[in-house]
Amino acid sequence: MSANRPPPHRRNQAPGGPRRRPDHARREAARAEWKANRPEHAEDTVVLYGWRPVAEAIANSNRAFLRLLVTENAQRRLQEAGLFPAITAEIVRPEQIDRLVGPDAVHQGLYAEVEPLDAPTIESMPQDGVFLVLDQITDPHNVGAIVRTAAAFGVSAIITTARHSPAATGVLAKSASGGLEYVPIVTVRNLAGALQTMGERGVMCIGLDSEGESVLEDVPMRRPLALVLGAEGKGLRQLTRQRCQALARLDMPGRIKSLNVSNAAAISLYAVARACPPKAD
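Chains are numbered independently. Their residues run from 1 in the order of the written sequence. Totals for whole chains, interfaces and linings use all residues, but because this is a predicted model, local features are given only for residues with pLDDT of at least 70 and pairs of side-chain atoms are given and counted only at 80 or more. For the side-chain quantities, the full set of heavy atoms in the structure was used; hydrogens and water were omitted.

*Asks:* So what exactly am I meant to see when it comes to the overall build of the chain here?
*Replies:* Numbering of helices and strands runs from the N terminus; a helix is a DSSP stretch of H or I covering at least four residues, while a strand is a stretch of E covering at least two. Across its full length, the chain carries nine helices and 13 strands. For the chain, the residues scored as buried account for 42% of the 281 residues in total. Here, residues are in contact when the closest pair of their heavy atoms is within 4.5 Å. Long-range contacts, defined as pairs at least 24 residues apart, comprise 75% of the intrachain contacts of the chain with a sequence gap of at least 6. Each accessible area is a Shrake-Rupley result for a 1.4 Å probe, and residues are judged covered by the shown protein chains and nothing else. Of the roughly 16200 Å² that the chain leaves accessible, carbon and sulfur atoms contribute 47%. Remark: exposure states derive from per-residue accessible area (1.4 Å probe, protein chains only) relative to the maximum for the residue type, with buried under 20%, exposed over 50%, and partly exposed in between.

*Asks:* Honestly, the nonpolar core in this entry has me stumped. Any pointers?
*Replies:* The tendency in soluble globular proteins is for nonpolar side chains to be buried side by side. Here, the term nonpolar core denotes a set of buried Ala, Val, Leu, Ile, Met, Phe, Trp, Tyr and Cys residues that are joined through side-chain atoms within 4.5 Å. Among the nonpolar cores identified, the biggest contains 52 residues, and Leu132, Ile206 and Leu216 are the most heavily contacted of them. Among the elements that line this core, the one with the most residues is helix H9 (residues 261-275), at six residues. Leave out the neighbours within four places in its chain, and Ile206 touches Leu216, Val219, Met221, Leu225, Ala226, Leu227, Val228, Cys244, Ala246 and Ala248.

*Asks:* What should I look at first to understand the pattern of salt bridges in this one?
*Replies:* When the charged atoms of two side chains with opposite charge come close together, those side chains can pair. For salt bridges, the criterion is a side-chain nitrogen of Lys or Arg within 4 Å of an Asp or Glu carboxyl oxygen. Counted by the stated rule, this structure contains seven salt bridges. Taking the shortest distance from any N to any O, the salt bridge between Glu56 and Arg52 comes out at 3.1 Å. Residue Glu56 and its partner Arg52 are both found in helix H2 (residues 51-59); the two are separated by four residues, about one turn of the helix. On the basis of relative accessible area, Glu56 is assigned to the buried category, the value being 16%.

*Asks:* Even after reading the chapter, I still don't get the sheet that holds strand S8 (residues 157-161), so can you show me in this structure?
*Replies:* Only strands joined by at least two bridges in the DSSP assignment are considered to pair. Overall, parallel pairing links the seven strands, which are arranged S9-S8-S7-S12-S10-S13-S11 in an open sheet. Unpaired on one side and paired on the other, strand S9 (185-188) and strand S11 (214-215) mark the two borders of the sheet. Two strands pair when backbone bridges link them, and strand S7 (residues 130-135) and S8 are joined in this way by three bridges, in the parallel orientation. Looking at S8, one finds that Leu132 is bridged to Ile158. Packing of helix H5 (residues 140-152) onto the sheet brings it into contact with S7, S8 and S9, and relative to S7 it is tilted by some 175°. The strands touched by H9 are S7, strand S10 (204-208) and strand S12 (225-230); relative to S12, the strand with the most contacts, the crossing angle is about 160°. Between N-to-C directions, angles span 0 to 180 degrees; the directions come from axes that are lines fitted to C-alpha atoms, helices contributing only their stretch in contact.

*Asks:* What is the right way to look at the packing of aromatic side chains in this model?
*Replies:* What describes a pair of aromatic rings is the distance from one ring centre to the other and the angle between the planes of the rings. Only centres within 6.5 Å qualify two rings of Phe, Tyr or Trp (six-membered ring in Trp) as a pair; their planes then separate them into stacked at under 30 degrees, edge-to-face at over 60, and tilted for everything else. Tallied over the entire structure, the rule returns zero aromatic pairs. Over a ring means this: the NZ of a Lys or the CZ of an Arg is within 6 Å of the ring centre and within 35 degrees of the ring normal. Over the ring of Trp51 we find Arg77; its NZ or CZ atom is 3.9 Å from the centre of that ring.

*Asks:* Just to check I follow, could you spell out the pairing of strand S3 (residues 46-49) for this structure?
*Replies:* The two faces of the sheet receive side chains in turn, since in a regular strand these alternate between them. Neither face of S3 is open: one carries Val46 and Leu48, the other Val47 and Tyr49, and all of them are buried. Pairing analysis gives four bridges linking S3 to strand S6 (residues 110-114), with the strands arranged antiparallel. Across the sheet, the residue bridging to Val47 is Glu113, located in S6.

*Asks:* What should I look at first to understand helix H7 (residues 191-200) in this one?
*Replies:* In an α-helix, one turn spans 3.6 residues; hence positions three or four apart end up facing the same way. Within H7, the full set of buried residues consists of Leu191, Ala192, Ala194, Leu195 and Met198. Looking down the long axis of H7, one finds its buried residues gathered within 160° of arc, a one-sided arrangement. Whenever a nitrogen or oxygen atom comes within 3.5 Å of another N or O atom, the pair is scored as a polar contact, on the condition that within protein one atom can donate a hydrogen and the other can accept it, and that pairs from neighbouring residues in sequence are kept only if both atoms are in side chains. Where H7 starts, the residue carrying a side-chain oxygen 3.1 Å from the main-chain nitrogen of Ala192 turns out to be Asn190. The first or second residue beyond H7 is Gly202, which carries a positive phi of 90°. Comment: arc refers to directions from the helix axis out to C-beta atoms.

*Asks:* Got a minute to help me understand the sheet that holds S3 in this structure?
*Replies:* Sheet strands pair via backbone hydrogen bonds, and the direction of the pair is either parallel or antiparallel. Read from one edge to the other, the open sheet built from four strands follows the order S3-S6-S4-S5, with strand pairing classed as mixed. Strands with a single pairing partner mark the edges of an open sheet, and in this sheet they are S3 and strand S5 (90-91). By the bridge criterion, two bridges tie strand S4 (residues 65-70) to S5 in an arrangement that is parallel. Across the sheet, residue Leu69 finds its bridge partner in S5, namely Glu90.

*Asks:* Explain the pairing of S8 here, please?
*Replies:* Burial within S8 is extensive, with five of its five residues counted as buried. Along S8, one buried face is formed by Ala157, Ile159 and Thr161 and the opposite face, lined by Ile158 and Thr160, is buried too. For crossovers, right-handed means that the path from the first strand over the helix to the second runs clockwise, given strands pointing away from the viewer. A crossover connection joins S7 to the parallel S8 through H5; in handedness this β-α-β unit is right-handed. As paired elements, S8 and S9 share four bridges and run parallel to each other. The partner of Thr160 across the bridge, within S9, is Thr187.

*Asks:* Which parts of the structure should I look at to understand the packing of H5 against H9?
*Replies:* For any two helices packed against each other, the geometry comes down to the angle between their axes and how far apart the axes lie. Orientation of H5 relative to H9, taken along the N-to-C sense of each, is 15°, at an axis distance of 8 Å. Taken together, the axes of H5 and H9 are roughly parallel relative to one another. The handedness of the crossing between H5 and H9 comes out as right-handed. Across the interface between the two elements, Asn142, Ala145, Ile146, Thr149 and Ala150 of H5 pack against Val261, Ser262, Ala265, Ala266 and Leu269 of H9. Residues are grouped as follows: Ala, Val, Leu, Ile, Met, Phe, Trp, Tyr, Cys and Pro are nonpolar; Asp, Glu, Lys and Arg are charged; every other residue, Gly included, is polar. Here the contact of H5 with H9 is composed, by residue class, of seven nonpolar, three polar and no charged. If an angle is under 35 degrees, it is roughly parallel; if it is over 145, roughly antiparallel; if it lies from 65 to 115, roughly perpendicular; otherwise it is oblique. Throughout, a crossing is termed right-handed when the near helix is turned clockwise from the far one, and left-handed when it is turned anticlockwise from it by less than a right angle.

Bear in mind that shape data such as this cannot, by itself, settle questions of function.
Here's what the structure looks like:
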């Protein structure tokens, strides 16, 4: 190597530090502009964007639309799929949706503002159902992935808290990939109190804990049943643990004994589906 040639890792660096590609700088500027001018929505307005969340909402006759923005390409795709919204869509350019959802969001030319769906109360939930209880899981990507998995396994409802949990909108809805149309989310003020009420109504509450005494598959499961999941790192809170009839772990033979909470939810729901499948209609 020539003595005058800079080493490879400095080849793209300016005197003041590493250079940034022009497109990266533009994206950062667009992100900063969106954060400074992001739209305000009513507290009970649900924002959906992307093909699957919006398409599933259009197909759901119980979902009330307040606003629908589509690009020309997305409009054609909806028509080809036989999806005709009950509201007149506004035909817009992609950058108009960018300004609403942010430059990093993958909206696929679809944006909607809708009303939340009705959700059951703890007392009115089905007596033969499977439920998920989320104890202060705050990452909307994780919660959205859990909602999607819950829809795939026919979960009756997801119970979460009003505080320390993400709203069922935006990023969460995108990650749920349409699952919000099929799994109601029940919001409670006190999770320990909700678990106590569920226990009194005959729901078997199993807390998932990497240090649980039993392997989940060895727990004698029955319906109605609730799987209780805690936040990554913190796990289940002490009072939440006390309200569970059993604490169980997933049996993993590898060196790593804990999983991302959305992956743990998927594996656990598969185990539940095998142990106590729903009754045939």
